[in-house]
Amino acid sequence: MDSEVINTEKHLELNTPEEGLALLGACNGHAGIVEKSFNVKVEATATGLVIRGEEKAVETAARIYNRLHELCQMGAAPVTEQLIRYLVDSTTQGEFADAEKFTPSLICVNAKGRPVLCKTTGQQKYVDAIRNHDLTFAIGPAGTGKTYLAVAMAVKAFRAHDISRIILTRPAIEAGENLGFLPGDLQSKVDPYMRPLYDSLNDLMGFDVYQRHLERSEIEISPLAYMRGRTLDDAFIILDEAQNTTREQMKMFLTRIGYNARAVVTGDITQIDLPQRRKSGLAEAARLLGSLEGVTSVRLTERDVVRNPLVQRIIRAYEKESSVKKDSQRRPAR
């Protein structure tokens, strides 16, 4: 960093060397994210950290590091690259005040003993919505944890004996390919569409436990078409990839909900694979039913993406192009 822009500095006192390692990251990886984002320099001192740079940038970086230090001391969650990028991104988007209040909360523990946490404010609102409503619509881009968090909440309710079974379903819609070209019988053809649900349950419960509950019909994973004519009592029901349901399919699914049942409907309305003349039932259902008692709708955004940071940039690029197209369509022809 050039010396001419180093005109102020802030010190952050730490209690232990371990806190410094957590905040700086392996090979100063965490510090590098903050340095690149705000054009500051972060270094270790005998008693903590020092941040140098232009006054406004130093103030912003110090605010992020103070929050990270608070989370460290609380033991609420490990300081990860994703958490730092979330706080940095919220700051650059002018939403740090909300992100600053966020504390990662434990949902459950997976099969390997690792905590499953809400990692963003949007994810926390999503989980709270599931806790407090019988039916939750979750709409958002890929990588925001819509499916995984819903399955985690289902596993938590199942372990607590709040419900007696978990039912996961998806419409078997092709993304540019045809089921008929896949080898095997019907179940073999359907399995690839259900793979994300299998993976989530295996991670949360472990393969052996998951298989045991599957054999007892306490867990069911099936295409949406198999839901017709059923009443689903005492169950946690998840409809995934709901952007690929038609209006009729969505109505059919929602009217399956029985007593002591909780349902979560997830989807991304920017990735609809239905034929062009068919309208998605997801956005319509969220709009029509969102004001009903016991029903809520949650919107997740690119800031809630917890995959590779590249995914956020990809989503923003597509959204920017979409916005430009909409603006051009609104302009009157000359």
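Sequence order as written defines residue numbering, which begins from 1 separately in each chain. Totals for whole chains, interfaces and linings use all residues, but because this is a predicted model, local features are given only for residues with pLDDT of at least 70 and pairs of side-chain atoms are given and counted only at 80 or more. Each side-chain value is derived from all of the structure's non-hydrogen atoms; neither hydrogens nor water enter the calculation.

Enquirer: Before we move on, can you summarise the overall build of the protein with the specific residues and values?
Expert: Of regular secondary structure, the protein possesses 12 helices and 11 strands. Under the scheme applied here, a residue whose accessible area is under 20% of the maximum for its type counts as buried, over 50% as exposed, and between as partly exposed, the area being computed with a 1.4 Å probe on protein chains only. Split into buried and exposed, the 334 residues of the protein put 46% on the buried side. Only heavy atoms enter the contact rule, under which two residues are in contact if any of them lie within 4.5 Å. A separation of at least 24 residues holds for 70% of the contacts in the protein among residues at least 6 apart in sequence. With the model as given, the accessible surface of the protein reaches about 18100 Å², and the carbon-plus-sulfur share is 49%. A run of H or I in DSSP counts as a helix once it spans at least four residues, and a run of E counts as a strand once it spans at least two, with each numbered from the N terminus. Computed by Shrake-Rupley with a 1.4 Å probe, the accessible areas treat only the displayed protein chains as cover when residues are assessed.

Enquirer: Describe in detail the sheet that holds strand E1 (residues 8-13), supporting the description with residues and values.
Expert: Each pair of strands is called paired provided DSSP finds at least two bridges between the two strands. With respect to topology, 3 strands assemble into an open sheet ordered E1-E3-E2, the strand pairing being antiparallel. The sheet is open, and its two edges are formed by E1 and strand E2 (41-44), each paired on a single side. Across the sheet, the mean angle from the axis of one strand to that of its neighbour is 20 degrees, orientation sign disregarded. Pairing geometry for E1 and strand E3 (residues 48-53), over 6 bridges, is antiparallel. Bridging from a neighbouring strand, Thr8 pairs with Gly53 of E3. Packing of helix H3 (residues 55-74) onto the sheet brings it into contact with E1, E2 and E3, and relative to E1 it is tilted by some 10 degrees. Every axis in this analysis is a line fitted to C-alpha atoms, fitted for helices over the stretch in contact. Angles between the N-to-C directions lie between 0 and 180 degrees.

Enquirer: Would you mind going over the pairing of E2 in detail, with residue names and values included?
Expert: In this structure, E2 lies alongside E3, joined through 4 bridges in antiparallel fashion. Pairing of Val42 across the sheet is with Ile51, part of E3. Hairpin connection of E2 to E3: 3 residues between the antiparallel strands.

Enquirer: Describe the sheet that holds strand E6 (residues 135-139), naming the residues involved and giving the relevant values.
Expert: Strand order in this open sheet of 6 strands is E8-E7-E9-E10-E6-E11, and the pairing throughout is parallel. Each edge of the sheet is formed by a strand with only one pairing partner; in this case those strands are strand E8 (219-223) and strand E11 (295-299). Neighbouring strand axes in the sheet, compared pairwise and without regard to direction, differ in orientation by 15 degrees on average. Alignment of E6 against strand E10 (residues 262-267), held across 5 bridges, turns out to be parallel. Among the inter-strand pairings, Ala138 is bridged to a residue of E10, identified as Thr266. Against the sheet, helix H7 (residues 146-159) engages E6, strand E7 (165-170), strand E9 (235-239) and E10, with an angle of about 170 degrees to E9.

Enquirer: Can you break down the pattern of salt bridges residue by residue, with the values?
Expert: By definition, a salt bridge exists where a carboxyl oxygen of Asp or Glu is found within 4 Å of a side-chain nitrogen of Lys or Arg. Scanning all chains against the criterion turns up 14 salt bridges. Ionic pairing is found between Glu81 and Arg85, a salt bridge with its closest N-O pair at 2.9 Å. Residue Glu81 and its partner Arg85 are both found in helix H4 (residues 81-92); the two are separated by 4 residues, about one turn of the helix. A relative accessible area of 37% places Glu81 in the partly exposed class. Of the charged contacts, one joins Arg230 and Glu220 as a salt bridge, the two residues approaching to 2.5 Å between their closest N and O atoms. Note that Arg230 is positioned in the loop between E8 and E9 and Glu220 in strand E8, a separation of 10 residues in sequence. Salt bridges here are not isolated pairs; linked through shared partners, they connect Glu9, Glu43 and Arg52.

Enquirer: An account of the side chain of Glu19 is needed here, citing residue identities and associated values.
Expert: Residue position: Glu19 is located in helix H1 (residues 17-24). Buried within the structure, Glu19 lacks any salt-bridge partner; Arg67 is the closest side chain of opposite charge, at an N-O distance of 13 Å. A distance of 2.9 Å separates a polar atom in the side chain of Glu19 from the backbone nitrogen of Asn15. Leave out the neighbours within four places in its chain, and Glu19 touches Leu14, His69 and Gln73. Charged-residue counts in this description rest on Lys and Arg as positive and Asp and Glu as negative, His and the chain ends being excluded. Definition of a polar contact: a pair of N or O atoms within 3.5 Å, with one able to donate and the other able to accept a hydrogen when the atoms are protein atoms, and with sequence-neighbouring residues admitted only if both atoms are side-chain atoms.

Purely spatial values, then, with no claim about function.
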